[in-house]
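Inside the fold
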Amino acid sequence: MELMKTVLAVAIMTALLSLSMQHKHLMLALMCIETMMLLLFMLLVIYTSTSLTLSQTPMPIILLTISVCGAAVGLSLVVAITRTHGNDFLKNLNLL
């Protein structure tokens, strides 16, 4: 079980590193964030399955619901930016 937690923690760090190096497309950055959320979901499921407290049982479902809502908002932003600017390059956006 500890090996699984270590592998998932390393995967989260790898996704965070790839997010910090992502400077071209908005869609790839959103995919890195979604990967981190799914890895966090897996860690939370492992943690709640090993702990015996019943109050933490719905937490993975709440996290998954919030991440799906965030993914839907991110996808709608990508569609809106693609329609207005023609592409999703981050260098073409004036975010200030």
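Please read these numbers as outputs of a predicted model, since none were measured by experiment. (Residues numbered from 1 in each chain as written. Predicted model: local features only at pLDDT ≥ 70, side-chain atom pairs only at ≥ 80, totals over all residues. Heavy atoms only, no water.)

**Details of the UniProt feature "transmembrane region" (unreviewed entry) in the protein**
In the numbering used here, UniProt assigns the feature "transmembrane region" (unreviewed entry) to residues 28-47 and 59-81. End-to-end, the C-alpha atoms of residues 28-47 are 29 Å apart, and along that stretch the chain is 100% helix and 0% strand. Along residues 59-81 the backbone is 100% helical and 0% strand, and the end-to-end C-alpha distance reaches 33 Å. (UniProt positions renumbered as here; feature names shortened; annotations may be inferred. Helix = DSSP H or I, 4+ residues; strand = E, 2+ residues; numbered from the N terminus.)

**Points about the layout of surface pockets**
A volume near 170 Å³ is recorded for the largest pocket. Around the largest pocket sit Met-27, Leu-30, Met-31, Ile-33, Glu-34, Met-37, Ile-66, Ser-67, Gly-70, Ala-71, Gly-74 and Leu-75, which together line it. For the lining of the largest pocket, the elements supplying multiple residues, two or more each, are α2 (26-50) and α3 (59-85). Of the residues contributing to the lining of the largest pocket, the split by class is eight nonpolar, three polar and one charged. (1 Å grid on protein atoms, 1.4 Å probe; cavity = no way out; pocket = protein on both sides within 12 Å on 5 of 7 lines; lining within 4 Å. Points joined across faces, edges and corners; volume = space filled by probe spheres on them. Nonpolar A, V, L, I, M, F, W, Y, C, P; charged D, E, K, R; others polar.)

**A look at the side chain of Ser-67**
As for its placement among the helices and strands, Ser-67 is situated in helix α3. Ser-67 gets classed as buried once you look at its relative accessible area, which sits at 6%. (Buried < 20%, exposed > 50% of the residue type's maximum accessible area, 1.4 Å probe, protein only.)

**As for the pattern of salt bridges**
Pairing between side chains of opposite charge can happen when their charged atoms approach one another. One pass over the structure, following the stated rule, counts one salt bridge. One salt bridge in this structure joins Lys-5 and Glu-2, with 3.9 Å as the shortest N-O distance. Pair noted here: Lys-5 and Glu-2 are both in helix α1 (residues 2-20), with a separation of three residues, about one helical turn. You can call Glu-2 exposed: its relative accessible area is 56%. (Salt bridge = Lys/Arg side-chain N within 4 Å of Asp/Glu carboxyl O.)

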